[in-house]
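The chain contents come next:
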Amino acid sequence: MGIRFPILFLFVMSRTLGHSAELSALSQAIDPDWIAQALATTGKASIRKRKLPAEQVVWLVIALALYRHQSIPEVVAHLDLVLPDEVNADIAKSALTQARQRLGQAPLAQLFAMSASCWDERHQSGRAWRGLCRYAVDGSTLRTSDSPENRAHFGAQAYASGVVASYPQLRLLTLTALATHLVRDAVFGAYGTNEMLYAKSLLDRVPDHSLTVFDKGFFSASLLLQLQTKGHERHWLIPAKANSTWERLDPHPTDYRVRMKVSPQARQAEPDLPAFWEVRAIETTTSHGKKRILLTSLMDRQTYPASEIVHQYEERWRIETSYRELKQELLGSELTLRSGTPETVYQEVWGALLAYNLVRLEMAEVATEAQVEPTRLSFITALHYLRHEWGWMAIEAPGKIPAHLTRLRNRLADLLLTEKRGRSCPVSSKNCLPDTR
């Protein structure tokens, strides 16, 4: 369940133990043992008693994304993260900065990895297509604050005119579940690093028995063969580029096998690559009348019908929606990250990904309870509901919580979007958003 009655127990315990109700509600999804393990294995567990121990700082970093428009001291006060101190109840702003610096990014990265795989596996059940879990890989960018350290580490976009962007940027790639929008894995770093290199670093974490959908910019024999051969039943789907060439191996007019040559440059860089590789090509026409050829490792026509494969590619735009949810809705269209150093930038991004997945997890569990697809729910409405719930619990009597949760469940229809009919404009349009009429 998503908005569930165990919150009542957590709320009562939080009142008994003196912890924030909002923090208890937040922490219901993340096993405290995960946080302890992440801190211990990265050597960041608090050894001496602090007013803001490492465990609390982890929640602070996640909450900074959930409460994007509040300052760090306001978030600390809102979640009551500072342990009580009879001598001095306050904590200096500089101490908050130092606490984040002591923590670093490693515990957040490990916590994300543990939680993301667990939550994704939980909600893949019953949502596979012909035995394959469906993912998409794509990239985006985030703008960092313009400190000398960030500019030196991340770099910035340079335009053809020679002008360099005003703010440093980082490049972000995610492996996102198409059924739930949960981010299964992510990699990010310097803006100048090619997306293909980031994509290759994601491949080892793609689960077996899966189909990963790519945009045509990721077309590479090295990338796709690595995904296909280093695992069990790991398949891919990608549109062909306009200049792609191949030899047709059978006469079927729209669904045929082709043989392509691996470039000499690719084989020189990776001698283990074959001279040729065979894939399946499926010709289709978009809703705008444009011809498209999809290439895939799904060779069996009977097991994987062409019409269904085309539909799987049409679902690829959901990863673009997830980036919009992360950047515009969760982060409130704040264009620049808070952090002034590369280490805290990495920490902040891991916190934002954890916060995004927390909201998506609740949506997936609510959808299971309501027997609808998670993609039928409104992210922004769910985010507002959850923020309201956590804030409300801090001031209401525990006895009123069941009635409040029942009302939230009865209002699940408010989260439902109308069935999507695809894009309302061509893919090439930069401002194109999915049609939600």
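Residues numbered from 1 in each chain as written. Predicted model: local features only at pLDDT ≥ 70, side-chain atom pairs only at ≥ 80, totals over all residues. Heavy atoms only, no water.

Asker: Report on the environment of L64, specifying residues and quantitative values.
Answerer: Along the chain, L64 turns up in helix 4 (residues 54-66). Residue classification places L64 among the buried positions, given a relative accessible area of 5%. With 288 residues separating them along the chain, L64 and A352 place their C-alpha atoms 7.8 Å apart. Sequence-distant contacts of L64, defined by excluding residues within four places in its chain, comprise I72, V75, R100 and R338. (Helix = DSSP H or I, 4+ residues; strand = E, 2+ residues; numbered from the N terminus. Buried < 20%, exposed > 50% of the residue type's maximum accessible area, 1.4 Å probe, protein only. Contact = heavy atoms within 4.5 Å.)

Asker: Give me the pattern of salt bridges: which residues, what numbers.
Answerer: Across all of its chains, the model carries 20 salt bridges by this definition. D250 is paired through a salt bridge with R301; the nearest N and O atoms lie 3.1 Å apart. Of this pair, D250 sits in the loop between strand 6 (247-248) and strand 7 (255-261) while R301 sits in the loop between strand 9 (291-296) and helix 12 (306-314), placing them 51 residues apart in sequence. For D250, a relative accessible area of 16% puts it in the buried group. A relative accessible area of 35% places R301 in the partly exposed class. It is possible to trace a salt-bridge network through shared partners that takes in D250, D255, R257, E278, R280 and R301. (Salt bridge = Lys/Arg side-chain N within 4 Å of Asp/Glu carboxyl O.)

Asker: Explain the nonpolar core residue by residue, including any values.
Answerer: What tends to happen in soluble globular proteins is that the nonpolar side chains get buried as a cluster. Grouped together as the largest cluster of nonpolar side chains are 81 residues, with contacts concentrated most on I30, I62, L111, L170 and L330. Here this core gets 15 residues from one element, more than from any other, and that element is helix 14 (residues 342-370). When sequence neighbours within four positions are dropped, the list of residues in contact with L170 reads S140, T141, L142, T144, F154, F188, G189, Y191, L337, V345 and V349. Residues Y198, F214, L224 and W236 belong to the second largest nonpolar core, which totals 35 residues. (Core = buried A, V, L, I, M, F, W, Y, C linked by side-chain atoms within 4.5 Å.)

Asker: Let's hear about helix 9 (residues 195-203): which residues, and what values?
Answerer: When helix 9 is considered as a whole, its buried residues turn out to be M196, Y198, A199, L202 and L203. Buried residues of helix 9 fall within an arc of 160 degrees about the axis and therefore sit on the same side. At its buried positions, helix 9 is contacted by strand 1 (133-143), strand 2 (169-177), strand 3 (183-190), strand 4 (210-214), helix 10 (221-229) and strand 5 (234-239). If you check the start of helix 9, you find a side-chain oxygen 2.7 Å away from the backbone N of M196, and it comes from N194. (Arc of directions from axis to C-beta. Polar contact = N/O pair within 3.5 Å; in protein donor to acceptor, adjacent residues only side chain to side chain.)

Asker: Describe the pairing of strand 4, naming the residues involved and giving the relevant values.
Answerer: It is a general feature of regular strands that their side chains alternate between the two faces of the sheet. Among the 5 residues of strand 4, 5 are classified as buried, and the element is accordingly described as predominantly covered. By the alternation rule, side chains of strand 4 split into S210, T212 and F214 and L211 and V213, which are all buried. Relative to strand 5, strand 4 runs parallel, the two being bridged by 4 bridges. Residue L211 lies in a different strand from strand 5, and its bridge partner there is H235. Since strand 4 and strand 5 lie parallel, the crossover through helix 10 that links them has a hand, and here it is right-handed. (Pairing = 2+ DSSP bridges. Right-handed = clockwise from strand over helix to strand, strands pointing away.)

Asker: Describe in detail the confidence of the model for the chain, supporting the description with residues and values.
Answerer: For the chain, the average pLDDT comes to 82, and 79% of its residues sit at 70 or higher. Throughout residues 1-21 the model reports pLDDT below 50, and contacts reaching past four residues in sequence, or to other chains, amount to 53 contacts. Within the model, the stretch residues 393-398 combines pLDDT values under 50 with 17 contacts to residues more than four positions away or in other chains. (pLDDT = per-residue confidence, 0-100.)

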